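Chain by chain, the residues run as shown.
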Amino acid sequence: MIAVIERADVAIVGGGINGCALAYELSRRGAEVAVVERRSLTSGATGRCGAGVRQQWSARENVTLAMQSVEIFEQLSQDLGADIGFRQGGYLIAVHDEEDLRQAEKNVAMQRSLGLEVDILSPHEVTEIVPILDVEGMRAIGATFCPTDGHADPFKTTYAYAEAARRQGAHFYRFTTVTDILTDQGSVTGVRTDRGDLSAPVVVNAAGAWSKQIAAMAGVEVPNVPYKKEIIVTERMARVFDAMVISFRDGIYFSQQDEGQVLGGIPPPETVTGYHLEPTFSFLQHMAATLARYAPVLSHINVIRQWTGFYDVTPDARPILGPVEGLEGFIQCHGFSGHGFMLAPMVARLLADLIVDGAGSPILESLNLARFEDMDIEQEHSVVG
Ligand SMILES: Cc1cc2nc3c(=O)[nH]c(=O)nc-3n(C[C@H](O)[C@H](O)[C@H](O)COP(=O)(O)OP(=O)(O)OC[C@H]3O[C@@H](n4cnc5c(N)ncnc54)[C@H](O)[C@@H]3O)c2cc1C
């Protein structure tokens with residue numbers, strides 16, 4: 001058996017957006033980092049995602065984390081020395097009835113108190129922002145809108161982080177599978193891989209929908225469940241809208257890409273948990289029908305591709321971050337429940353500060369695994385897809 005490298009300060013399991021962003025932030029702080037990825041970078045949820053970046057959440061930590069991430073996204077192409085395709089066309093969130101409106105008003109008040117620029121729109125204002133929408137077809141009475149929300153390219157962003165980390169000395173071991181977490185007397189000591197052992201006093205579990213298995217290797221139980229999600233992309237058409245349109249009630253989200261394709265998803269009619277990646281015709285029908293109801297003009301364009309990926313879902317739809325009790329050096333970075341692309345830049349900074357300088361933060365504390373012990377948790381309600 002050939003050892004990949006003998007030792008690192010930090011071994012990161014998983015080469016998605018979170019593993020790569022963290023490798024960058026850690027190596028920037030002088031740590032020697034090894035990322036171990038069993039396939040290629042972005043082969044997990046990252047390379048299959050919508051890559052929307054939204055700050056309009058119902059839980060305060062998510063708003064704060066997303067706002068801080070947007071600040072980073074705005075500078076990221078410059079910081080990493082490569083265009084990550086970040087565009088701020090806003091997120092337009094449908095408001096369907098009076099009950100929705102009350103929740104939207106509550107969310108907007110909290111979001112504004114944190115400094116977010118966000119408004120409640122009339123039906124007329126909705127169609128000013130996205131002219132192809134049929135507000136009646138959407139069964140909406142208005143929307144909320146935040147102009148600084150947006151999206152980035154998930155491949156360009158992840159590879160830009162990885163390349164910048166590599167320039168700072170980080171090592172990437174692709175096509176290398178972690179088969180065990182090595183421990184000794186209550187501390188992690190490294191990882192076992194199918195190419196040999198790597199010793200490290202800190203191991204980060206950033207394995208997305210497979211994090212439960214990585215945690216189990218260390219004897220740690222996490223409550224995450226993988227959910228299959230489906231997504232489509234259409235042929236190109238003239239650019240007619242910049243915003244991401246979403247509805248918490250219908251679960252739909254869609255936006256127009258730089259090159260003109262419309263990309264979007266909706267929860268499949270059948271909920272599927274576990275590791276199943278087969279695309280379904282029932283999803284395609286449901287997505288097409290709902291999209292045509294929201295924007296009738298889109299019923300004339302062809303879907304060219306459909307694919308699937310996993311959400312790594314926790315009981316409160318919020319991530320699990322930071323250390324675990326009883327196993328020194330084992331850091332969690334998973335459970336993103338469908339919004340791990342947008343939160344990655346700030347999460348990486350917080351975890352790097354914790355790992356290198358021992359600096360904790362109230363957000364990390366509130367997102368620790370221990371919160372599930374007493375089930376005193378704040379549910380995130382603003383989820384789609
Ligand atoms: C259809 C869809 C749409 C989405 N839309 C959005 C969106 O608009 N905005 C947003 O913010 N988020 C979105 N998400 C969620 C987002 O994709 C994820 O939260 C995010 O990509 C998670 O990144 P990650 O790095 O934590 O995990 P992943 O990208 O899943 O990476 C984990 C990696 O770990 C590797 N791995 C697993 N086991 C092992 C092992 N034993 N050894 C070595 N490597 C291992 C895997 O191969 C994988 O590459 C969407 C997800 C899906 C499926």
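Treat the numbers as computed from the prediction; the structure is a model and nothing was measured.

Caption draft 1: Summary view of the sheet that holds strand β17 (residues 303–313). Spatially, the eight strands line up as an open sheet ordered β5-β6-β4-β14-β15-β16-β13-β17, and their pairing is mixed. At either margin of the open sheet sits one strand with a lone partner, and together these are β5 (119–121) and β17. Pairs of neighbouring strands in the sheet enclose a mean axial angle of 20 degrees, with direction left out of account. In terms of strand pairing, strand β4 (residues 91–95) meets strand β14 (residues 244–246) through three bridges, oriented parallel. Paired with leucine 92 across the strands is valine 245, a residue of β14. Across the face of the sheet, helix α3 (residues 98–113) comes into contact with β4, β5 and β6 (142–146) while running at roughly 155 degrees to β5. Packed onto the sheet, helix α7 (residues 281–294) meets β13 (225–236), β14, β15 (253–256), β16 (261–265) and β17 and runs at close to 55 degrees relative to β13.

Caption draft 2: Spatial organisation of the domain arrangement of the chain. Taken domain by domain, the chain consists of domain 1 (10–48 + 155–223 + 316–372) and domain 2 (91–147 + 225–313). Computed over C-alpha atoms only, the centres of domain 1 and domain 2 are separated by 30 Å. Listed by partner, the interface residues are 14 residues for domain 1 and 13 residues for domain 2. In total, domain 1 and domain 2 occlude about 1000 Å² of area from one another, counting both sides; carbon and sulfur atoms represent 53% of this. In terms of surface lost to domain 2, no three residues of domain 1 exceed Arg48, Ala209 and Ser337, which account for 50% of the buried area on that side. Scanning the region where domain 1 abuts domain 2 turns up zero salt bridges. Of the residues contributing to the side of domain 1 that touches domain 2, the split by class is six nonpolar, seven polar and one charged.

Conventions used here
- Numbering of residues starts from 1 in every chain and runs along the sequence as written.
- Given that the model is predicted, a residue must reach a pLDDT of at least 70 before its local features are reported, and side-chain atom pairs must reach 80 or more before they are shown or counted; all residues, however, enter totals for whole chains, interfaces and linings.
- By convention in this description, side-chain values take in all heavy atoms of the structure and omit both hydrogens and water.
- Being paired, for any two strands, means DSSP has found at least two bridges between them.
- Helix and strand definitions follow DSSP, with helices as H or I runs of at least four residues and strands as E runs of at least two, each counted in order from the N terminus.
- A fitted line through C-alpha atoms represents every axis, and for helices the fit uses only the stretch in contact; the resulting angles, taken between N-to-C directions, go from 0 to 180 degrees.
- We call two residues in contact when some of their heavy atoms are within 4.5 Å.
- Domain start and stop points were drawn from an automatic or database domain assignment.
- Buried area, as used here, totals the accessible surface that two parts lose on assembly, with accessibility defined by a 1.4 Å probe and the loss added over both.
- The rule for a salt bridge is simple: a side-chain nitrogen of Lys or Arg has to be within 4 Å of a carboxyl oxygen of Asp or Glu.
- Amino acid classes used here: Ala, Val, Leu, Ile, Met, Phe, Trp, Tyr, Cys and Pro are nonpolar; Asp, Glu, Lys and Arg are charged; the rest, including Gly, are polar.

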